[in-house]
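Descriptive structure summary
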Amino acid sequence: MERITSRQNPLVKHFRDVAHGIVDDVMLLEGGHLIEEALGARVVIDVAAVAERRGHEGLAERMQAAGTKVVLVTDTVMDAMSPVQTPSGVLGIARRPDIRLDDVFARSPPLVVMLNDVQDPGNVGAIVRAAEGCGATGLVCSERTADPFGWKALRGAMGSTLRLPVAVRQSLREAVAQARAHGLRIFATTARDGTLLPHCDLVGPAAILLGAEGAGLPADFLDAADARITIPMQPPVESLNVAIAAALIVYEAGRQRGRGRGTRP
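Residues numbered from 1 in each chain as written. Predicted model: local features only at pLDDT ≥ 70, side-chain atom pairs only at ≥ 80, totals over all residues. Heavy atoms only, no water.

Further remarks concern the sheet that holds strand E5 (residues 90-95). Spatial ordering of the open sheet is given by E1-E4-E3-E5-E2, a layout of five strands whose pairing is mixed. Each having just a single partner strand, strand E1 (3-4) and strand E2 (26-30) make up the two edges of the open sheet. In terms of strand pairing, E2 meets E5 through five bridges, oriented antiparallel. Residue pairing in the sheet places Val26 in a bridge with Arg95 of E5. (Pairing = 2+ DSSP bridges. Helix = DSSP H or I, 4+ residues; strand = E, 2+ residues; numbered from the N terminus.)

Structure (structure tokens):
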């Protein structure tokens, strides 16, 4: 197993470039949990760095058995490679899934979450996690939504992004048009004047549109939707964090559909 002791090694720069989103078609996996999830989802991990004396020997062996090139690095080198303040001691560079809009609508009955300009990667990761956990069948991100395959969002999703079909950098107008062509009803979220969530019929094929933090959805998306959803709140609170709102809505949809704990779409 190769051992790297210099922060000037080209592989260190490669890891940093991937962390900053400079390298296309790959993603940075930070932490043993996420790498375990990737191995379980049969995601191809091209190369991984493991800090010496951190107790990741078993994980390193499993990665090698799966065809990953594994290198040992000093703590100083790991600090240079990792984008987090306190590195976990293991990093991987994996191939990003190539998900298209048709893949998002392939599972039945479809329940698709669509994000318009949600810019906080932590929120995006939490939405992906909630979407999978509550029974959504796919997720679409607009061009200006934070990359769900960026390392911060991946950590927030805790592996869900590796299993749930997630289409990125999409025109949401085109995605809505395709959703209609697949027979989905379009629901737009709004802080007020929509149908209260408990009274929304989410049993049939549905796409849930959520807008940017603070701004919400543009008026044209609200006007074009088949229905608007409002989550009832106790005053003086008027709205929720977008990730919490997404989780409540998808949970309610799953409840109406009778999807039990532990089942998959």
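This part covers the sheet that holds strand E7 (residues 138-142). One open sheet holds the seven strands; their spatial order is E8-E7-E6-E11-E9-E12-E10, and the pairing between them is parallel. Pairing within the sheet leaves two strands with one partner each, and these edge strands are strand E8 (166-170) and strand E10 (195-196). Sheet topology places strand E6 (residues 111-115) next to strand E11 (residues 206-210); five bridges connect them, and they run parallel. Bridging from a neighbouring strand, Leu111 pairs with Ala206 of E11. Sheet contacts for helix H8 (residues 172-181): E6, E7, E8, strand E9 (185-189) and E11; angle to E6, the most-contacted strand, approximately 165°. Running over the sheet, helix H10 (residues 242-257) touches E6, E9, E11 and strand E12 (227-230) and is turned about 165° from E11. (Contact = heavy atoms within 4.5 Å. Axes fitted to C-alpha atoms, helices over the stretch in contact; angles between N-to-C directions.)

Right, let's get into helix H1 (residues 10-19). For H1, the complete set of buried residues consists of Leu11, Val12, Phe15, Asp17, Val18 and Ala19. Two to three positions downstream of the cap, the backbone nitrogen of Leu11 sits 2.9 Å from a side-chain oxygen, assigning the N-cap of H1 to Asn9. In the segment just after H1, Gly21 is the residue with positive phi, at about 75°. (Buried < 20%, exposed > 50% of the residue type's maximum accessible area, 1.4 Å probe, protein only. Polar contact = N/O pair within 3.5 Å; in protein donor to acceptor, adjacent residues only side chain to side chain.)

The sheet contact formed by E9 and E12 spans three bridges and is parallel. Bridged to Phe187 within E12 is Ala227. In terms of strand pairing, E10 meets E12 through two bridges, oriented parallel. Counterpart to Leu196 in the pairing with E12 is Thr230.

Within the secondary structure, Glu52 is located in the loop between strand E3 (45-51) and helix H3 (57-65). A relative accessible area of 15% places Glu52 in the buried class. Within polar-contact distance, the side chain of Glu52 engages the side chain of Arg3 at 2.3 Å. Beyond its immediate stretch of four places on either side in the chain, Glu52 contacts Arg3, Leu72, Val73, Thr74 and Asp75.

Attention now moves to H10. Taking 1.5 Å of rise per residue, 16 residues should cover 22 Å, and H10 covers 23 Å from first to last C-alpha, within 8% of that figure. Buried residues of H10: Val242, Ala243, Ala245, Ala246, Ile249, Val250, Glu252, Ala253, Gly254 and Arg257, and no others. Check the buried side of H10 and you find it contacts E6, helix H6 (121-134), E9, E11 and E12. The N-cap of H10, judged by a side-chain oxygen 2.7 Å from the amide nitrogen of Ala243 a few residues on, is Asn241. Two residues or fewer after H10 comes Gly258, characterised by a positive phi angle close to 75°. (Expected span 1.5 Å × (residues − 1).)

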